[in-house]
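Chain residues, written in single-letter form:
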Amino acid sequence: MKILLTNEAGCFHPGIVALAKELCKDHRVCIVAPLNRQVGSGHSLTVDQRPLHAQQWYVLDNVKIWSVDGTPCDCVALALDKLLLDKPDLIIAGIDPVNNRGNMVYTSGVVSAAMEGTIQGIKSMALSAAIPNEKKERAYRPVVKFVSRKLEYLAKQIPDYGMLNVNFPEKFKPKNIMPAALTDGLLDNEYEIEVNPFGSTFAWLKSPLMEFGLEAYEQKGDLYWLKQGYITLTPFKLDLLKGEALTALQKAGIKL
Amino acid sequence: MNILIANVRNLESAELKVLAGELSKKHSVTVCSLEGSGRQKGNAFSYSGFPIKFKQISNYTINGTRIPAYKFQGTPADMISIMLGNIMRHRKPNIVICGISNGISLGTDVFCSSNIGMAMQAAFSNVPCLAVGVPMQLGGHKEADLLPAAQFIAKNIEKFAKAKLPTDTFLNITIPLVKKYEDFQGVGISSMDNLTKMTRYLEKVDCKGNPYYWAQLVERESSSKTEVAPTAGMAYFKQNYIIMAPLTYNCTDMASLEQMRKEVAK
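Structural notes, computed from the coordinates. (Residues numbered from 1 in each chain as written. Chains lettered and ligands numbered in written order. Predicted model: local features only at pLDDT ≥ 70, side-chain atom pairs only at ≥ 80, totals over all residues.)

**Remarks on the pairing of strand 3 (residues 52–57) of chain B**
Argument step 1. Note: strand 10 (residues 201–205) of chain A against strand 3 of chain B, three bridges, orientation antiparallel. Directly across from alanine 203 of chain A, in strand 3 of chain B, lies its bridge partner isoleucine 52 of chain B. (Pairing = 2+ DSSP bridges. Helix = DSSP H or I, 4+ residues; strand = E, 2+ residues; numbered from the N terminus.)

Structure representation (structure tokens):
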């Protein structure tokens, strides 16, 4: 298989390097990823502010590495349009050392990169894991092993008009796989307002960004199953239209 | 009603002023805007650990009415998060209006659109929310061109706030540009999937011989695997219909999920 790897943590991040080293044994692998950390970049695209630059690096033997000075979605779009000679069969975004679950997936560059791949017509999946020591390559070994063994199974789970979001808990057994829905119930972020000596106002995030309430666990979605130690698979679709809302909207009587 | 209007261009843009002008006639309006361009930012957050700079503008007036106004340096989602999570924490708005956006979000454009990103962020906080867009005009619109669109929103604002939509839903409203209000033909409810843009790049070479790439949005080739069934939305839109699409932030593909569950159970 021809596989394109990307991530949000940078093209030399141990998560992506560990995955590339393992997958290149059986597949043709190319990394196109941001040069700098782009955590939380969501589906940002660099369109009107500046052009993009790409650089090729020769660090790994069998893997071409391209760095792009943009976001993960820029990387996927630029790779498919200009950098790659042939279209890949599969796009894998990750491994992200932080789980991307619940409503916070829209903020994740990894999930959004897979979404961009899907929009461009390539089968895509996002991998994220709870890795306590994210800077060590060997911390990713259990996840990498699972992915390389089960790659065909995972690729088969990608829906026709959508992508697959895969989350790994900190400790897992390879047989504990659970298809799970996205969890709703993101809490509001709290900020503390500060005025600096020059009179400018700043907002500091008080609580960690993107927290869920306790009742979110009761939905038995991806959040719940991850806590139970399961690998969660969540299929995403591209069409966000809410069918159930159509009648409610008609009843609202909105007219000219 | 207590209304928050959020815009990504700037506080002086016609898109913001004309909408705030119409709504402030009857309602209490707060406005917020980013400084500089925030195009195609999606639901991005500033995760860097640095604080986000913002400023309250004390003498912001529209048509002689003083309106609370804030300008931010950050991403669209940062702005909505701070407005709802802090500045307006104790007087939550009855409805958030994102726009009027200079450009419409069709089909899969919704994932990268800044305007939809803001609406989604407001929907996470369970506040009723509209993302309003008109067709793009390079350099921005004139206030007179946007007046009919603003009048439509102002006329129906209470109905929008009271519409009993599911909590994970927000509205994407696409309004055609018309000369006067009477030119609108009607209001339709539909998705607009059939015209979706794709990011392509224009390759150029700088003075040192290095390539660089400018992003451009082109219309999707029809052979794409992810093609979704065309809807009537766009055809009506071209005949000056206003199109409303209820969008959800829960993108779980329930049909595929059920299938996967069955396979795992085996």
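**Some details on the sheet that holds strand 8 (residues 177–179) of chain A**
Residue and element names in this part refer to chain A.
Argument step 1. Judged by pairing direction, the sheet is mixed, and its nine strands sit side by side in the order 3-4-2-1-5-6-7-11-8 without closing on themselves. Strands with a single pairing partner mark the edges of an open sheet, and in this sheet they are strand 3 (54–57) and strand 8. Neighbouring strand axes in the sheet, compared pairwise and without regard to direction, differ in orientation by 20 degrees on average. (Axes fitted to C-alpha atoms, helices over the stretch in contact; angles between N-to-C directions.)

**Focus: the pairing of strand 11 (residues 231–237) of chain A**
Residues and elements named next belong to chain A.
Argument step 1. Counting buried positions over the seven residues of strand 11 gives seven, a clear majority of the element.
Argument step 2. Neither face of strand 11 is open: one carries Ile231, Leu233, Pro235 and Lys237, the other Thr232, Thr234 and Phe236, and all of them are buried.
Argument step 3. The pairing of strand 7 (residues 162–168) with strand 11 spans six bridges and is classified as antiparallel. For asparagine 165, the partnering residue across the bridge sits in strand 11 and is threonine 234.
Argument step 4. Sheet analysis places strand 8 next to strand 11, joined by three bridges and oriented parallel. Residue pairing in the sheet places methionine 178 in a bridge with threonine 232 of strand 11. (Buried ≥ 20, exposed ≤ 12 C-beta atoms within 10 Å, placed from the backbone.)

**Notes on the environment of phenylalanine 160 of chain B**
Argument step 1. Assignment of secondary structure puts phenylalanine 160 of chain B in helix 4 (residues 143–162).
Argument step 2. Assessed through the 21 C-beta atoms surrounding it within 10 Å, phenylalanine 160 of chain B is described here as buried.
Argument step 3. Here the alpha-carbon distance between phenylalanine 160 of chain B and isoleucine 95 of chain B, two residues 65 residues apart in the chain, equals 8.1 Å.
Argument step 4. With near-sequence residues (within four places) excluded, phenylalanine 160 of chain B lies in contact with Ile254 of chain A together with Ile95, Pro128, Leu130 and Leu171 of chain B. (Contact = placed C-beta atoms within 7 Å.)

**Focus: the sheet that holds strand 10 of chain A**
Argument step 1. Across the sheet, which stays open at both edges, the eleven strands sit in the order 9(A)-10(A)-3(B)-6(B)-2(B)-1(B)-7(B)-8(B)-9(B)-13(B)-10(B) with mixed pairing between neighbours. Taken across any chain shown, the strands that pair with only one partner, and hence form the sheet edges, are strand 9 (191–195) of chain A together with strand 10 (186–189) of chain B. On average, each strand axis in the sheet is inclined to that of its neighbour by 25 degrees, with strand direction left out of account.
Argument step 2. Sheet topology note: the strand 2 (residues 28–34) of chain B/strand 6 (residues 69–73) of chain B ladder contains four bridges and is parallel. In the strand pairing of strand 6 of chain B, valine 31 of chain B is matched with alanine 69 of chain B.
Argument step 3. Along the sheet, helix 4 of chain B makes contact with strand 7 (95–102), strand 8 (129–134), strand 9 (169–174) and strand 13 (241–248) of chain B, crossing strand 7 of chain B at roughly 160 degrees.

**A look at the nonpolar core**
Argument step 1. Of all hydrophobic cores here, the largest spans 164 residues; its most connected members are Ile31 of chain A together with Ala119 and Leu130 of chain B.
Argument step 2. Per-element accounting of this core gives the leading share, eight residues, to helix 4 of chain B.
Argument step 3. In this view, alanine 119 of chain B contacts Cys98, Cys129, Leu130, Ala131 and Phe170 of chain B; residues no more than four positions away in its chain are not counted. (Core = buried A, V, L, I, M, F, W, Y, C linked by C-beta atoms within 7 Å.)

**Section: unusual backbone geometry**
Argument step 1. The residue after glycine 94 of chain A, namely isoleucine 95 of chain A, is reached through a cis peptide bond having omega 5 degrees.
Argument step 2. Mapped onto the elements of the fold, isoleucine 95 of chain A is located in strand 5 (residues 90–96).
Argument step 3. In this structure, isoleucine 100 of chain B follows glycine 99 of chain B across a cis peptide bond, with omega equal to 5 degrees.
Argument step 4. Relative to the helices and strands, isoleucine 100 of chain B resides in strand 7.
Argument step 5. The phi torsion at asparagine 126 of chain B lies on the positive side, around 60 degrees, for a residue other than glycine.
Argument step 6. Within the fold, asparagine 126 of chain B resides in the loop between helix 3 (114–124) and strand 8.

**Things to note about the environment of proline 72 of chain A**
Residue and element names in this part refer to chain A.
Argument step 1. Here proline 72 shows up in helix 2 (residues 72–83).
Argument step 2. When the 33 C-beta atoms within 10 Å are taken as the criterion, proline 72 is described as buried.
Argument step 3. Taking the C-alpha atoms as reference, proline 72 lies 22 Å from lysine 136; in sequence the two are 64 residues apart.
Argument step 4. Contacts of proline 72, omitting those with residues within four sequence positions, involve Thr6, Asn7, Glu8, Pro34, Gln38, Ser41, Ala93, Gly109, Val110, Ser112 and Ala113.

**Here we look at the packing of helix 2 (residues 76–87) of chain B against helix 3 of chain B**
Residues and elements named next belong to chain B.
Argument step 1. At a closest axis distance of 8 Å, the pairing of helix 2 and helix 3 adopts a crossing angle of 30 degrees. Of the possible angle classes, the one that applies to helix 2 and helix 3 is roughly parallel. Crossing of helix 2 against helix 3: the hand is right-handed. Where helix 2 approaches helix 3, its residues Pro76, Ala77, Ile80, Ser81 and Leu84 are matched on the opposing element by Ser114, Gly117, Met118, Gln121 and Ala122.
Argument step 2. Counted by class, the contact of helix 2 with helix 3 contains six nonpolar, four polar and no charged residues. (Parallel < 35°, antiparallel > 145°, perpendicular 65-115°, else oblique. Left-handed = near helix turned anticlockwise from the far one by under 90°. Nonpolar A, V, L, I, M, F, W, Y, C, P; charged D, E, K, R; others polar.)

**Examining the interface of chain A and chain B**
Argument step 1. On the chain B side, the residues contacting the 71 residues of chain A number 72 residues.
Argument step 2. Listed by contribution, the elements that provide at least two residues to the side of chain A that touches chain B are helix 2, helix 3 (109–119), strand 8, strand 9, strand 10, strand 11 and helix 7 (245–251) of chain A.
Argument step 3. When the residues that make up the side of chain A that touches chain B are grouped by side-chain class, the tally is 37 nonpolar, 22 polar and twelve charged.

**With respect to helix 2 of chain A**
All names here are of chain A.
Argument step 1. Helix length check: helix 2, at twelve residues, gives a terminal C-alpha distance of 14 Å against a target of 16 Å (1.5 Å per residue), a shortfall beyond 12%.
Argument step 2. In terms of burial, helix 2 is largely enclosed, as nine of its twelve residues are buried.
Argument step 3. For helix 2, every residue scored as buried is listed here: Pro72, Cys73, Asp74, Cys75, Val76, Ala77, Leu78, Ala79 and Leu80. (Expected span 1.5 Å × (residues − 1).)

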